[in-house]
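Fold and geometry: a report
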Amino acid sequence: MQTNFLSRQFNARSLAENSTACPVNATICDGTSCVLPEDNFNQTLSVVLSTVLTIMLALVMFSMGCNVELKNFLGHIKRPWGIFVGFLCQFGIMPLTAFLLSLAFNILPIQAVVVLIMGCCPGGTASNVIAYWVDGDMDLSISMTTCSTLLAMGMMPLCLFIYTKMWTDSDAIVLPYNSIGISLVALVIPVSFGIFVNHKWPSKAKIILKVGSIVGAVLIVLIAVVGGILYKGSWIISPKLWIIGTIFPAAGYSLGFLLARVAGLSWHRCRTVSLETGMQNTQLCSTIVQLSFTPEQLELMFTFPLIYSIFQLLFALLILGGYRLYRRHRVKTKTDVEKTVQKEDSKSNGKINGGFIPDEMK
């Protein structure tokens, strides 16, 4: 009897050691059924990532405030037509586009929520840089980014409540409004402080702005790398999210430009509104998602802000390249016309006044 028991125990031990289905650190192993101990490393890394993301994002938002000149900002507030058009684009076009794309591709409720969070986010700081290179209205660009960030405290939860109702009513997903609200309120403080610093110490604000732009780039890389470690399954996602991540920013740029033109804004302001509409604050979206949802939910949604970030930057660079080519061609053509007019004027003056006409003018 004892021999049979020892034999069964030995066979179970051999099965546990030789089975590829059971890891070495399994606490209970019965054939292919294993119970693993809780992975404290991932839990610790998740807490560290959340803390670092919050601090870095606060610094990015602080540097964005350092880019705002109070005088110009108040000037746009007094003449708010451009900001109003941007407001309609930011909290009208983008959430509606996110909602329609989620319905059209029939994605999972939790994935629809992250697409809508991205659509409801305020404008990103990168739009200010691109707006500068496409000869946009810099004061309008910075004012739109700042206003959309401040207004996001109320508009973002409101838009999410309206557009996610069909998913939250079915109890498929519970939206953490408290976490989202706290994140937004916490970000308004560094933006406001940055505006104050730029008003009092403009030279120091420029240095902070440069540091903040570097931190913003590092933040995107950090989110991608550490998120990839924490949520390995998040990169194995439905092709539908990749398609939405491609269409969404392109739709934002196009619809923003169209609405600005319909509203009667000048061409350089249309370019500005277009960039402000399509370029979302992806760092804010990633941070809200990271702080608000469980690891199981993050497996299905974490990579979308990164996908959007890649394609919004790609399309922005295409817009920049197209504009620079257009400008170069336009300047070249304009210069050729001016030279032709000058030649004709010189010849006519020579004939009338009997003056000397150089050989190259003949």
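Residues numbered from 1 in each chain as written. Predicted model: local features only at pLDDT ≥ 70, side-chain atom pairs only at ≥ 80, totals over all residues. Heavy atoms only, no water.

- Naming follows an unreviewed UniProt entry, where the protein chain appears as Ileal sodium/bile acid cotransporter of Origma solitaria.
- According to UniProt, the comment filed for the protein chain under the heading Subcellular location (unreviewed entry) is "Membrane".
- Quoted verbatim from the Sequence similarities (unreviewed entry) field of UniProt, the annotation for the protein chain is "Belongs to the bile acid:sodium symporter (BASS) (TC 2.A.28) family." (UniProt positions renumbered as here; feature names shortened; annotations may be inferred.)

Points about unusual backbone geometry
- Although it is not a glycine, asparagine 106 adopts a positive phi angle of roughly 50°.
- A residue is classified by how much of its surface remains accessible, and asparagine 106, at 60% relative accessible area, is exposed.
- Unlike most non-glycine residues, aspartate 135 shows phi in positive territory, near 60°.
- Looking at the element boundaries, aspartate 135 is found in the loop between α6 (126–133) and α7 (138–163). (Buried < 20%, exposed > 50% of the residue type's maximum accessible area, 1.4 Å probe, protein only. Helix = DSSP H or I, 4+ residues; strand = E, 2+ residues; numbered from the N terminus.)

Quick look at the UniProt feature "transmembrane region" (unreviewed entry) in the protein chain
- Within this numbering scheme, the UniProt entry marks residues 45–63, 83–105, 112–134, 140–163, 175–195, 207–229, 241–260 and 306–326 as carrying the feature "transmembrane region" (unreviewed entry).
- Helix makes up 100% of residues 83–105 and strand 0%, and the two end C-alpha atoms of the span are 32 Å apart.
- Helix makes up 100% of residues 140–163 and strand 0%, whereas the separation of the span's terminal C-alpha atoms amounts to 28 Å.

Some points on the pattern of salt bridges
- Considering all chains together, one arrives at 2 salt bridges under this definition.
- Where aspartate 135 meets arginine 327, a salt bridge forms, and the shortest distance between an N and an O atom there is 3.3 Å. Here the residue aspartate 135 occupies a position in the loop between α6 and α7, and arginine 327 occupies one in helix α15 (residues 304–353), the gap between them amounting to 192 residues.
- Its relative accessible area of 34% is what places arginine 327 among the partly exposed residues.
- A salt bridge links aspartate 137 to arginine 269; the shortest N-O distance between them is 2.9 Å. Placement of the pair is aspartate 137 in the loop between α6 and α7 and arginine 269 in helix α12 (residues 267–278), with a sequence separation of 132 residues. (Salt bridge = Lys/Arg side-chain N within 4 Å of Asp/Glu carboxyl O.)

A short note on the packing of helix α4 (residues 81–105) against helix α11 (residues 239–262)
- Direction vectors running N to C along α4 and α11 enclose 150°, while the axes themselves pass 10 Å from each other. Where α4 crosses over α11, the handedness of that crossing is right-handed. The residues of α11 that touch α4, namely those facing Val85, Leu88, Cys89, Ile93, Met94, Thr97, Ala98, Leu101 and Phe105, are Lys240, Ile243, Ile244, Ile247, Phe248, Ala251, Gly252, Leu255, Gly256, Leu259 and Ala260.
- Across the contact of α4 with α11, the residue classes tally to 16 nonpolar, 3 polar and 1 charged. (Axes fitted to C-alpha atoms, helices over the stretch in contact; angles between N-to-C directions. Left-handed = near helix turned anticlockwise from the far one by under 90°. Contact = heavy atoms within 4.5 Å. Nonpolar A, V, L, I, M, F, W, Y, C, P; charged D, E, K, R; others polar.)

Let's talk about empty space enclosed by the protein
- Tallied over the entire structure, the rule returns 2 cavities of 30 Å³ or more.
- Each pocket or cavity is described by its volume, and for the largest cavity that value is around 70 Å³.
- Taken together, Ile83, Gly86, Phe87, Gln90, Phe91, Met144, Cys147, Ser148, Leu151 and Glu276 make up the full set of residues lining the largest cavity.
- Going through the elements one at a time, α4 and α7 are the ones with two or more residues in the lining of the largest cavity.
- Tallying contributions element by element places α4 first for the lining of the largest cavity, with 5 residues.
- Of the residues belonging to the lining of the largest cavity, the class tally is 6 nonpolar, 3 polar and 1 charged. (1 Å grid on protein atoms, 1.4 Å probe; cavity = no way out; pocket = protein on both sides within 12 Å on 5 of 7 lines; lining within 4 Å. Points joined across faces, edges and corners; volume = space filled by probe spheres on them.)

Notes on α6
- Among the residues of α6, Ser127, Asn128, Ile130 and Ala131 are the ones counted as buried.
- One or two steps after α6, the chain reaches aspartate 135, where phi turns positive at roughly 60°.

Quick look at helix α13 (residues 282–292)
- When you tally the buried positions in α13, you get 10 out of 11 residues, the bulk of the element.
- Looking only at α13, the buried set comprises Thr282, Gln283, Leu284, Cys285, Ser286, Thr287, Ile288, Val289, Gln290 and Ser292.

Describing the nonpolar core
- Residues Val115, Ile117, Met156, Phe248, Val289, Phe293 and Phe304 are the most contacted members of the largest nonpolar core, which totals 40 residues.
- Listing elements by their share of this core, those giving two or more residues are α4, α5 (109–120), α7, α11, α13, α14 (295–301) and α15.
- Element by element, the count of residues in this core is highest for α5, at 9 residues.
- In contact with phenylalanine 304, other than residues within four places in its own chain, are Val114, Val115, Met118, Leu241, Ile244, Gly245 and Phe248.
- In terms of nonpolar packing, the next biggest core, distinct from the first, is built from 18 residues, Phe73, Met144, Cys270 and Val273 among them. (Core = buried A, V, L, I, M, F, W, Y, C linked by side-chain atoms within 4.5 Å.)

Quick word on the packing of aromatic side chains
- Counted according to the given criterion, the structure contains 9 aromatic pairs.
- An angle of 80° between the planes, with centres 5.3 Å apart, marks the rings of phenylalanine 248 and tyrosine 308 as edge-to-face. Within this pair, whereas phenylalanine 248 is found in helix α11, its partner tyrosine 308 is found in helix α15, the two being separated by 60 residues in sequence.
- For phenylalanine 248, a relative accessible area of 0% translates into the label buried.
- Overall, the relative accessible area of 0% leaves tyrosine 308 in the buried class.
- Between phenylalanine 304 and tyrosine 308, the aromatic rings sit 6.5 Å apart at their centres with planes inclined by 55°, giving tilted as the arrangement. With a gap of 4 residues between them, phenylalanine 304 and tyrosine 308 both fall in helix α15, about one helical turn apart.
- Looking at phenylalanine 304, the relative accessible area reads 0%, which means it is buried. (Phe/Tyr/Trp six-rings, centres within 6.5 Å; stacked < 30°, edge-to-face > 60°.)

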